[in-house]
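Residue-level structure breakdown
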Amino acid sequence: MKNKKHIYRKLFTSTFYLSAFTFGGGFVIIPLMKKKFVDDLQWIKEDEMLNLAAIAQSSPGAVAVNAAILLGYRVAGILGALVTILGTILPPIITLTIISFFYAAFRDNIVVNSVLKGMQAGIAAVIADVALNLGDNVLKEKDIVFAIIMVGAFVATFFLGINVIYIILVCGFIGAAKMLLQIRKIQKEGDSQ
């Protein structure tokens, strides 16, 4: 039982820390979760983290909370998911509560506005880094279909302005169709032997 308590405590403190010191939303917290839970703690594998990130991004709601739920559930079941939800949502709730008391003073403060503008630039760099790392992982698989999906999704979003929901649905359909074709191919090979 002591080991379970240690896991729950580590899940809570890790997600609380990541949520408290991450600015920019879910796209920024995903690589930090990967570093913590894949690289440092080695509780899950990198491909599992990529799958969790994809599911979190395609599910309704905040990406950081979705990723925390999936990660907590994967590591420690339903109670792990509840612990990571709490660890992820507490820092923003505390921060927003404090800010709401001082909103009028923050709203017109030049220093606060400058800090927020600087943070926006840093967030853009982190998001670009995430996109490059995820894209690199797709290219390492050397699967032309996934590379075409990646480039097509970028073009559809950036240049054509197509709603992300449609892109996610189409990409999911293509991925499912590819998997079904692979299963059928394996079954035909098994039948011919």
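Residues numbered from 1 in each chain as written. Predicted model: local features only at pLDDT ≥ 70, side-chain atom pairs only at ≥ 80, totals over all residues. Heavy atoms only, no water.

Before going further, it helps to examine the side chain of Thr 15. Mapping Thr 15 onto the fold places it in helix H1 (residues 2–20). Given a relative accessible area of 1%, Thr 15 falls into the buried group. For Thr 15, the residues in contact, after removing those within four places along its chain, are Phe 37, Val 83, Thr 84, Gly 87 and Thr 88. (Helix = DSSP H or I, 4+ residues; strand = E, 2+ residues; numbered from the N terminus. Buried < 20%, exposed > 50% of the residue type's maximum accessible area, 1.4 Å probe, protein only. Contact = heavy atoms within 4.5 Å.)

Attention shifts here to the packing of aromatic side chains. Evaluation of the coordinates by the stated rule reveals six aromatic pairs. A ring pair is formed by Phe 37 and Trp 43, whose centres lie 6.0 Å apart and whose planes are at 35°; its orientation type is tilted. Consider the rings of Phe 154 and Phe 158, whose centres lie 5.3 Å apart with planes at 10°: the pair is stacked. Of this pair, Phe 154 and Phe 158 both sit in helix H7 (residues 144–158), four residues apart, which is roughly one turn of the helix. Through a chain of ring-to-ring contacts, the aromatic side chains of Phe 154, Phe 158 and Phe 159 assemble into a single cluster. The lysine or arginine in question, Lys 178, covers the ring of Phe 146, its NZ or CZ lying 5.1 Å from the ring centre. (Phe/Tyr/Trp six-rings, centres within 6.5 Å; stacked < 30°, edge-to-face > 60°. Lys NZ or Arg CZ within 6 Å of the ring centre and 35° of its normal.)

Take unusual backbone geometry next. Its identity is not glycine, yet Gln 42 carries a phi of approximately 55°, on the positive side. Among the structural elements, Gln 42 can be located in the loop between helix H2 (26–40) and helix H3 (46–58). The exposure class of Gln 42 is exposed, given its relative accessible area of 61%.

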